[in-house]
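Residue-level structure breakdown
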Amino acid sequence: MKRIILLVIATLSVLVTDAQCLKIEYAGDVLSEKEQQLVERMMVYQIRFYRLFGLRDSLKVKLTVFNERSVAEFYLDTIGVSKNNSVKNINGLYSSKRKEAIIMEMDKNRKKGFSVIYHELSHYLTREITGTNPPMWLSEGLSEYFENCEVGKKSIRHSMTPYEKGRIRSMYMLGEVNLRNFVNSDRSMFMKKQRTDEQYAYILAHALTTFMLENVSRQFFSDFITLLQDKTDRAKVSDKIARVYPGGFEAFETDFEKFCE
């Protein structure tokens, strides 16, 4: 029987950018100084984006990285996370209760591992601007957006993969996209679509978020986030989009379809 010895050592890094102060607590297997710098460059980039939508000044998140999946799964058992999550087929997760991003298997593909870090840390910042339970497609769409950013020496660039572009075009050609139902879907509906239809949900969320961030005025996105922050507003998400998008939801659908073509 394999014996797992778990030693979680934490170090703290304080990252100050503009008016924001972010404390990152590193734990688990050690990231090198150069690797921490990659993470922190991406966090500066993300913070400068999220601060446009009401991000508070003082932030703290924990990043726990494991090189081996077996050790990560053991850790999840010790903190009670795996009891409520299926962890067999995932590369990382974010615990909103603990404000902790946990990366499962860093040594399998280190470059991919950093993309997963960017993804999970984005969940933390999204919740900071929208409060609890943001729309699943928005939370995953923003995380997919930052996961697909590459940190270069002078800049950070985002792109969608050729597979994603082809998949989203085929969705429209086959009449698979019902955008109104998608933006109104809850977590269970979102994940059901993801499991049964070739990563449909994550790809559509990524494309939709890319459209909103790169092809629509920043004012629209800001107004949309403001509506999501109002927890007394029980309107459907599609109705909230209709209020702030020029031409309403029908125009939003049309413009997004053109973007996907």
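Nothing here was measured: the structure is a model prediction, and the numbers come from that model.

1. Here's the deal with the layout of surface pockets
- Size it by volume and the second largest pocket reaches roughly 280 Å³.
- As for the second largest pocket, its lining consists of 13 residues, of which Lys111, Ser115, Cys149, Glu150 and Val151 are closest to the centre.
- Within the residue set of the lining of the second largest pocket, elements represented by two or more residues are helix 3 (110-130), strand 6 (149-151) and strand 7 (156-158).
- When residues in the lining of the second largest pocket are grouped by element, the largest group, four residues, is from helix 3.
- Here the lining of the second largest pocket is built from residues that sort into five nonpolar, four polar and four charged.

2. Regarding helix 8 (residues 200-214)
- Along its 15 residues, helix 8 runs 21 Å from first to last C-alpha, staying within 8% of the 21 Å computed at 1.5 Å per residue.
- Burial analysis of helix 8 places 14 of its 15 residues in the buried class, which makes it a mostly covered element.

3. Description of the pattern of salt bridges
- Overall, the coordinates contain eleven salt bridges when judged by the stated rule.
- The partner of Arg110 in a salt bridge is Asp107, and the shortest N-O contact between them spans 2.8 Å.
- A salt bridge links Glu250 to Arg180; the nearest nitrogen and oxygen atoms lie 3.3 Å apart. One end of the pair, Glu250, is in helix 11 (residues 248-260); the other, Arg180, is in helix 6 (residues 179-184), and 70 residues separate them in sequence.
- Among the residues examined, Glu250 registers a relative accessible area of 47% and is labelled partly exposed.
- By relative accessible area, Arg180 is classed as partly exposed at 29%.

Definitions and limits used
Residues numbered from 1 in each chain as written. Predicted model: local features only at pLDDT ≥ 70, side-chain atom pairs only at ≥ 80, totals over all residues. Heavy atoms only, no water. 1 Å grid on protein atoms, 1.4 Å probe; cavity = no way out; pocket = protein on both sides within 12 Å on 5 of 7 lines; lining within 4 Å. Points joined across faces, edges and corners; volume = space filled by probe spheres on them. Helix = DSSP H or I, 4+ residues; strand = E, 2+ residues; numbered from the N terminus. Nonpolar A, V, L, I, M, F, W, Y, C, P; charged D, E, K, R; others polar. Expected span 1.5 Å × (residues − 1). Buried < 20%, exposed > 50% of the residue type's maximum accessible area, 1.4 Å probe, protein only. Salt bridge = Lys/Arg side-chain N within 4 Å of Asp/Glu carboxyl O.

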